[in-house]
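# A closer look at the structure
The chain contents come next:
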Protein chains: 2
Amino acid sequence: MALRVGIIGGGQLARMMIAPAVELGVDVRVLAEEPGMSAALAATATGDYRDADTVLAFARDVDVVTFDHEHVPQDVLAALVDAGVSVHPGPEPLGVAQDKLVMRRRMQELGAPQPEWAAVSDETQLQAFLDAHGGRAVVKTPRGGYDGKGVRVVSAAHEVQDWFTTLAEDARGGELLVEELVDFSRELAQQVARRPSGHVAVYPVVETVQRGGVCAEVLAPAPGASARLRQAAADLGVAIAEGLGVTGMLAVELFETTDERILVNELAMRPHNSGHWTQDGAVTSQFEQHLRAVLDLPLGSTEATAPWSVMVNLLGGPQEGGLLERFAPAMAEHPRAKVHTYGKAPRPGRKVGHVNVAGDDLDDVAYEARAAAAYFLD
Amino acid sequence: MALRVGIIGGGQLARMMIAPAVELGVDVRVLAEEPGMSAALAATATGDYRDADTVLAFARDVDVVTFDHEHVPQDVLAALVDAGVSVHPGPEPLGVAQDKLVMRRRMQELGAPQPEWAAVSDETQLQAFLDAHGGRAVVKTPRGGYDGKGVRVVSAAHEVQDWFTTLAEDARGGELLVEELVDFSRELAQQVARRPSGHVAVYPVVETVQRGGVCAEVLAPAPGASARLRQAAADLGVAIAEGLGVTGMLAVELFETTDERILVNELAMRPHNSGHWTQDGAVTSQFEQHLRAVLDLPLGSTEATAPWSVMVNLLGGPQEGGLLERFAPAMAEHPRAKVHTYGKAPRPGRKVGHVNVAGDDLDDVAYEARAAAAYFLD
């Protein structure tokens, strides 16, 4: 029995599946967008994931296809399924991750708590939503946004005039998503793994700290979370994974409100930045878990190996030189810090790596993760 | 600054450096003996490590050369050094690991505690040693032995007649090593990492359980070891690393005597089976540590992440089918078990993988590691 997992997309999430795959003895093969990407070591093909022939040819030699990102078009996914390829997550859950309006509708059907929202197709509809929600709201393009792109906080409908213009020019028409501005105390993320045969494994809910719409830090588990909150997040994660038929890793990004409710913000159906701490702080990392889940193998323990873990993203990297030039001072000062880099050139705002620290005292762990990460940023 | 580590040898130790290299962003390149070896994913060249031209060509594109094994001949090592290649560990410490008689002489010079021993060049000399040591002793060929090969317990000199015959036919002549049979209570291993610039990092001393001359299990840390014993082992490891100028990982295999002394059994100058537990039970695995050490980067914390870790080797593998066919039952029963396989075909006695379990209770951890490993062995 060969276990060959084909990953579409050569970014850092594919890269971080390589280490557990090598250890398990699973053969990972990557279809990379271009040469020299983060997951180049395991790249067996280079090509456009939007081209069905390219993807079908890549899928011929693997037992299961999974993803570094959620952008593979539905027609390509359908071609894979028609060809008898095992695809995890499948087209239906991926469709939910690909379109924020579809996601809001499905969450509503599942009875998942979420911010008030509407689909709006012109400025008049948007203005009506604004007027009904205190004059400010978040507008999102349903497709193609990530890391804060395609998201605007507006207080007047004309602030997204350009997006409506683009929609009007699109022959398929379309709508924007508008959501109430949630009065949240912090953001959380709940990760769940689910096998095709149905078994789920639940990670502890974590706190995510965003800066400029991009994840900056993760504290695991979420400090001060009550047993009730932890259970509510876990139950919600499982309900969404089961309700949508997700296979592999699911991340549910959540708002925690000032009255300790949780509301679904976004979904990701793949390993996720909020789970990078598991590489050095949990028995089974999210990357190994994703491989096990998509191969329909029994899931590993999601138990934390230390009371606290903190992950700090390396955003942008140093202005001069590469990340590896900063190894010496960072490692000398912080022998507990686990440095992960993605083989990407530094560029402002770009995620080029992260640092994990695990230990007994949250303040110490957070300090050390931040201090080690600071060596990589000017 | 590129960090390119060239590893000579494509076995499982090279393979297990791939995961930490990918995470750090270090570029590992492997000179494999043949295609399809354990470290094939990172193999950039295939060829004979005894051929200087092959090795020099491989070394041209890397920043440092290190090893999967200690068998690279001294003339090839000398050619590398002459060509200005950074080689870690260097020819001198490797020479000590390559010849058990050289090792015994160097240990004697360093004042390291060791079994009584002698170099014997004929049956008369060997019989004299036997007569002086209760009539039984261990005879070893100085070169080429590993995992119990080239080692015999004898009670009469003629039992190694074939080895003396071989020596007599060798134009270079030579001697066998004979050692007293140590009355040991158990075997231990002390690992130390050392940078070229001199800094050392010391792992906790572990207990190794051998079966048929092959490592079967490792318990970390060594159960019931007194503070005095732990300190003595650590001091000895550091003294040997410094005394021999070892760079990278050093494993000192030790006998613990019934009166709680420790005696040097063997040395290994590379990651070692006794340290596989560090992959899932220490802040810095021996494979990451080796990379850091040979690159002269600051060493990582050697702290254990759990009170107890147990490693069980998969020796031989299943009689039918591959290791991966046993994943499902092993993982279903033991979600805490970390399975590592080496991409090698099962064969009686062959090391084809290992299982690590870490946790709070030694009995539970040992039970679970053994039970999970048993699924891979008929």
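Above this note sits the structure.
Residues numbered from 1 in each chain as written. Chains lettered and ligands numbered in written order. Predicted model: local features only at pLDDT ≥ 70, side-chain atom pairs only at ≥ 80, totals over all residues. Heavy atoms only, no water.

## With respect to the overall build of chain A
The condition is simple: Each helix corresponds to a stretch of at least 4 residues labelled H or I by DSSP, and each strand to a stretch of at least 2 residues labelled E; elements are numbered beginning at the N terminus. Throughout, radius of gyration means the C-alpha value; the globule benchmark is 2.2 Å times the number of residues raised to the power 0.38. We call a residue buried when its accessible area falls under 20% of the maximum for its residue type, exposed when it is over 50%, and partly exposed in between, using a 1.4 Å probe and counting protein chains only. Per-residue and other accessible areas were derived by the Shrake-Rupley procedure at a 1.4 Å probe size, with only the shown protein chains allowed to occlude residues. Counted as positive: Lys and Arg. Counted as negative: Asp and Glu, with His and the chain ends omitted from the count. In this description, the location of a charge corresponds to atom NZ of lysine, CZ of arginine, CG of aspartate or CD of glutamate.
Each helix and strand in chain A was counted, giving 12 helices and 17 strands. Relative to the globule expectation of 21 Å for 378 residues, the C-alpha radius of gyration of chain A, 21 Å, shows essentially globular dimensions. Considering only C-alpha atoms, chain A reaches an extent of 55 × 50 × 45 Å along its principal axes. When the 378 residues of chain A are sorted by exposure, 58% land in the buried category. Within the structure as shown, chain A displays about 14300 Å² of accessible surface, and the carbon and sulfur contribution to it stands at 48%. One finds the centroid of the 32 positive side-chain charges in chain A at a distance of 2 Å from the centroid of its 52 negative side-chain charges.

## Quick notes on the pairing of strand 13 (residues 248-257) of chain B
Residues and elements named next belong to chain B. Basically, it comes down to this: Note on pairing: two strands pair once DSSP finds at least 2 bridges between them.
With 10 of 10 residues buried, strand 13 lies mostly within the body of the structure. Across 10 bridges, strand 9 (residues 184-194) lies against strand 13 in antiparallel orientation. Looking at strand 13, one finds that V192 is bridged to L250. What sits between strand 13 and strand 14 (residues 262-268) in their antiparallel hairpin is a turn of 4 residues, with E260 showing a positive phi close to 60 degrees.

## What about helix 8 (residues 227-244) of chain B?
Residue and element names in this part refer to chain B. Stated formally: Every helix has an expected span of 1.5 Å times one less than the residues it contains. In what follows, residue pairs with any heavy atoms lying within 4.5 Å of each other are defined as contacts.
Taking 1.5 Å per residue as the helical rise, helix 8 with its 18 residues ought to reach 26 Å, and the 26 Å between its terminal C-alpha atoms agrees with that figure. Residues of helix 8 that are buried include every one of L229, A233, A234, L236, G237, V238, I240, A241 and L244, and no others. For helix 8, the secondary structure elements touched by its buried residues are helix 4 (91-98), helix 5 (100-110), strand 9, strand 10 (200-202), strand 13 and strand 14.

## Observations regarding the relation of the copies chain A and chain B
Put simply, the second copy of the chain is the first one after a rotation about an axis and a shift along it. Note the following rule: All copies are superposed by least squares; the fitting set is the C-alpha atoms of residues with a pLDDT of at least 70 in both.
For the match of chain A to chain B, the screw axis carries a shift of 0.0 Å, the RMSD comes to 0.0 Å, and the turn is 180 degrees. When the rotation and shift are considered jointly, the pair of chain copies conforms to a two-fold rotation axis. Taking C-alpha positions as the reference, the residue of chain A nearest the rotation axis is A19(A), at 2.1 Å. Of the residues that chain A buries at the interface, 100% are likewise interface residues in chain B, meaning the two copies contact each other through the same surface.

## Considerations on the sheet that holds strand 1 (residues 4-8) of chain A
All names here are of chain A. For clarity, the cut-off: In this analysis an axis means a line fitted to C-alpha atoms, helices contributing only their contacting stretch, and an angle means the value between N-to-C directions, from 0 to 180 degrees.
The 4 strands lie next to each other as 3-2-1-4, forming an open sheet whose pairing is parallel. Only two strands of the sheet have a single partner each, and these edge strands are strand 3 (43-46) and strand 4 (64-67). For this sheet, the mean inter-axis angle between neighbouring strands, taken without regard to orientation, is 25 degrees. The sheet contact formed by strand 1 and strand 4 spans 4 bridges and is parallel. The partner of I8 across the bridge, within strand 4, is F67. Running over the sheet, helix 1 (residues 12-24) touches strand 1, strand 2 (27-32) and strand 4 and is turned about 165 degrees from strand 2.

## Topic: the nonpolar core
Here is the rule we go by: Remark: nonpolar core denotes a set of buried residues (Ala, Val, Leu, Ile, Met, Phe, Trp, Tyr, Cys) joined through side-chain atoms within 4.5 Å.
V5(A), V28(A), F327(A), V5(B), V28(B) and F327(B) are the most contacted members of the largest nonpolar core, which totals 91 residues. Filtering out sequence-adjacent residues up to four positions away, F327(A) remains in contact with A332(A), V339(A), T341(A), F376(A), L3(B), L24(B) and L297(B). Core analysis: the second largest hydrophobic core is formed by 26 residues, V96(B), A112(B), V192(B) and V264(B) among them.

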